[in-house]
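Commentary on secondary and tertiary structure
Residue strings, one per chain:
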Amino acid sequence: VRVDTEQTVGTSVTAGAVDWDAVYARHAAALLGYLRRLTRDQETAEDLMHTTFQRAMVAKRVPDAIRLGPWLYRIATNLVIDRARRARRFQFLPFTGREVSPSESGADGDAVRIALRAIPAELAATLVLRLHEGFSRSEIAGMTGVSERTVKWRLEQGRIAFSAAYARAMEGEHG
Amino acid sequence: MANDHVRPLLARSREEALTSAEREAVRVHLAMCAECVLFERALAQNDRVLSAREPAAAVPPWTAAAAGRSKPRPWVPLAAVVAVALVALAAGVTLGNYRSSVASPTHQPQPTASIPAPLAVGNGTVDPGFGFVNTDVAGPTGGPIITIRKETSSAVVTKVDGALPNVAVSPSGQRVAIWASFLNASGSGQSFQLVVYDTVARTWTAPLFTSASEVPRAIVWSSDGTGLVFSTQNNGGRGALGPAAPIHTSWFSLDTASAQARELSALESIADHVYSWDRSTDTITASGLVPASSGAAGSGMFLVLAEGQLRSFPVPVRWIVAAADSYGRSVVLVAGAACDDGTLRCSKAEVRDQRTFEVTTHEFSIARTPVRDYPTVIFRPRSQDLIVWQTYFSAPPTVDLWKDLGRGERAALFRPGRPSPGGGITATDVNRIITRPDGSTAFLLQFDSSRTGRWYGDTVSLVDASFTGYLDFTQGGNPLGSVVLDPAYAARMDGRPTPPTLCDTYVQAVVPSPGTVLRYPTVTAQQVRIGLSTDPNFRHLLEDIAGVRQDSNPLRDPRVPRCDVNALDIGEPVFVRNYPSGAGLWYVPVRYQGGQVIVATVGRDEAGAGSQGGAIGGSAPYPPMSEAQARKVGASPSDAASSAELVFARPALSRVVEPTWRVVRVSGAVWYVFPSTTGGPGTVLPDDQVVLGN
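As the structure is a prediction and not an experimental result, all values here were calculated from the model. (Residues numbered from 1 in each chain as written. Chains lettered and ligands numbered in written order. Predicted model: local features only at pLDDT ≥ 70, side-chain atom pairs only at ≥ 80, totals over all residues. Heavy atoms only, no water.)

1. Some points on the nonpolar core
Judged by nonpolar contacts, the single largest core of 51 residues is most densely connected at Trp20(A), Tyr34(A), Phe53(A), Trp71(A) and Phe162(A). Secondary-structure elements contributing two or more residues to this core are α1 (20-38), α2 (42-57), α3 (65-89), α5 (111-118), α6 (121-132), α7 (137-144) and α8 (148-174) of chain A together with α3 (34-51) of chain B. Per-element tally for this core: the top contributor is α1(A), with 9 residues. The contacts of Trp71(A), once residues within four sequence positions are left out, are Trp20(A), Ala56(A), Ala59(A), Arg61(A), Val62(A) and Pro63(A). (Core = buried A, V, L, I, M, F, W, Y, C linked by side-chain atoms within 4.5 Å. Buried < 20%, exposed > 50% of the residue type's maximum accessible area, 1.4 Å probe, protein only. Helix = DSSP H or I, 4+ residues; strand = E, 2+ residues; numbered from the N terminus. Contact = heavy atoms within 4.5 Å.)

As structure tokens, then:
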């Protein structure tokens, strides 16, 4: 018998005492959907989701049931932002002249994802947490470690940036 | 740019109310700046786009469970793929099937007239008990005729000289609605009479409706086979032919017993296709094109006319309605999709509820190589199975049977040029698909224009997707539909819906979105019972056990009848304390007919509140050791047990926390009895060798 942290309200526990099977069963699908929204393909999203759980499992303390879900989102969001920053440092360079950059190919055919990847990752993550995942601004502030005012600013700028990027992505899809 | 100032305001207004000065600034800009108006609309549209749920994807298996819990094991994608493939192969499905089978709908279809299950009332091969409705141009005037004949014979059962080819076969397969055409008395034009032929009684009704000046179009039977919905259309102004007037379409519903017709003015000139009429709720579903006021292309709409009230739902951009069942249950949308080679010439589908237009099955791929056209989707009669017919640029067409709206198993129906041991004629292409009304058989037909213009093809069982024979329309004619002819078969083919099953009428619990805090008092067992009765997460768990969403759910218990959630009850909750605090966990057995199915866990915090969040499988009794046994094991001959309670604890040398009996002896000494397997069942340790809490 293991302890499912969904039950232990009010205190944090050590990762070793957590029933990770139960936590995975409860949160994996939602996290995967969130990551899928922000990444270019299913495989990347799955990789990031498992990295999220890996990071969680080696954490010294795991939050209680109420905070566990947002905490996992926080880890996942940081991974997405890290990945986006790395991608900007290491651009894909064609070497035969025929390859297409994965970030430009639109291989998933989804203009929304293309547009989200085209805007700063912090803005994209905040938009998705707010509109796709349905978190409140204060919850997002807690997850991303910024003030609620910053969240509001990111939502405002995110909407403006997404609007332009989405229009470009739609043109690309139709053009 | 002038709108650089207003853009942030418009974006912010999506989140919070603006000040009065800001609102005024926005108002002025919107009045003067067309770009600002477009931007505001784009923001609203983008919010909807971003809010659209990501299609459900199969969650990969969790490797840590097999890897042991002491150390997290790196995620190994290849191993996971192999594991999924092995599971899928063991179940006899492909990886794609596996993914589809685990995709779960987000929305429960609205209760409607239930769908009778498919039957196999006749032989697997061509059967004289069934027949075809055909059209041809061999009438005495050279005009179109309608014939009905057996599957096995060219002998005509009945014939109508002069009839339109838009016929409709009732769900029972026994009644055929036909528009017979007549020359007007003046000889200056045609009129049309709607008549119904009973293929078993071999009788005709009197004319049910006459259209003198408008041309009849579609005919659709009601789901119970007692009524018809049909349309008529003029070639100009309504009631008076005139090239300058626009085409006008009128819709009618008609009770076949009384011949009472009702004009459906709400659908007038809007609907272009009607799918179902559920007379039990007087609901008609249709699709149409709502014209744009500016003369630009209109937008596709799905229409629901319920008790005279019309609701319309926009069909998402780039999607089209491919099919909807005649029972008012499901509608299939299709769209272009990305191919494996990166082009956007492939196809995908999603399923929605006809009543609410909510998504019930998230989008799934149909073709991953370039296609010629949108797929054709046909509902298998008396079911929610789909026949999906796709043509390709560089490959033969595929016709597949997708069980349970694409969520179940998939099987190939068409194999071009399959072996013909009996010398029969097999199809190398598909030009038309006709299904028997009992849902047992599909006829995959090819048209041979090089000879005498005849149809031929394969007969395929929809029960097991097996090829069962050849079909050759030696007398020519174009098959339009399949009918039942044998009275014994007809007796089993009652088109009236069967009583709704539990799954038809069950409405799922709505689970709160992530981040929603759900708590109720959980100090006493009675409070836990009351709280669970209103806890949507717990209801969701019970639904999974009863297979409400899909029968292959991992939590599904085969002992519990499908969708019979109310057959489950809960046993006596057992509390395990996070000693010394008052918080802890309740363990609540979930039972079916007295037998334990699963143990649900319910939290209790320091404030005495919590909710259901986890579950432990298995039918082993919980706790594994009774209090009486624990008292006995935890006492000594000279120092009896005075109390015992369950607490979370672990031996100092173990990392596994488990519910443990904390036994206090009369002397005040505390001993811990570990009922599970840590150090062997029934291990007893003194206070100083135990670590408390979790």
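2. Digging into the packing of α1(A) against α6(A)
All names here are of chain A. Between α1 and α6, the shortest axis-to-axis distance is 10 Å and the interhelical angle comes to 135 degrees. Relative to α6, the element α1 lies oblique. Where α1 crosses over α6, the handedness of that crossing is right-handed. Residue-level inspection shows Gly33, Tyr34, Arg37 and Leu38 of α1 in contact with α6, the latter providing Ala124, Ala125, Val128, Leu129 and His132. (Axes fitted to C-alpha atoms, helices over the stretch in contact; angles between N-to-C directions. Parallel < 35°, antiparallel > 145°, perpendicular 65-115°, else oblique. Left-handed = near helix turned anticlockwise from the far one by under 90°.)

3. Side note on the pattern of salt bridges
Summed over the entire model, instances satisfying the criterion amount to 24 salt bridges over all chains. For the salt bridge of Glu15(B) with Arg159(A), the shortest nitrogen-to-oxygen distance reads 3.1 Å. Of this pair, Glu15(B) sits in the loop between α1 (3-13) and α2 (20-32) while Arg159(A) is found in helix α8, placing the two residues in two different chains. Neither residue differs from the other here; Glu15(B) and Arg159(A) are each classed as buried. Between Arg529(B) and Glu572(B) there is a salt bridge whose closest N-O contact spans 3.7 Å. Highlighted residues: Arg529(B) in helix α9 (residues 525-534) and Glu572(B) in the loop between β31 (568-570) and β32 (574-577), separated in sequence by 43 residues. Judged by its relative accessible area of 52%, Glu572(B) falls in the exposed class. Put simply, Arg130(A), Arg137(A), Glu148(A), Arg159(A), Arg14(B), Glu15(B) and Asp47(B) are held in one network by salt bridges that share partners. (Salt bridge = Lys/Arg side-chain N within 4 Å of Asp/Glu carboxyl O.)

4. As for the side chain of Thr522(B)
Residues and elements named next belong to chain B. When you line up the elements, threonine 522 lands in the loop between β30 (520-521) and α9. One polar contact links the side chain of threonine 522 to the main-chain carbonyl oxygen of glycine 603, over a distance of 2.9 Å. Every residue in contact with threonine 522, bar those within four places of it in the chain, is listed here: Gln527, Val528, Trp586, Val602, Gly603, Arg604, Gly608, Ala609 and Gly610. (Polar contact = N/O pair within 3.5 Å; in protein donor to acceptor, adjacent residues only side chain to side chain.)

5. Looking at unusual backbone geometry
Residue and element names in this part refer to chain B. Of note, the amide linkage connecting tyrosine 579 to proline 580 takes the cis form, showing an omega dihedral of 10 degrees. Within the fold, proline 580 resides in the loop between β32 and β33 (584-592). Notably, alanine 259 is not glycine yet its phi reads approximately 60 degrees, a positive angle. Note that alanine 259 resides in the loop between β11 (249-255) and β12 (260-263). Even without glycine at this site, alanine 465 takes up a positive phi of about 60 degrees. Mapped onto the elements, alanine 465 comes out in the loop between β27 (454-461) and β28 (467-472). In this structure alanine 465 comes out as buried when scored by relative accessible area, which is 9%.

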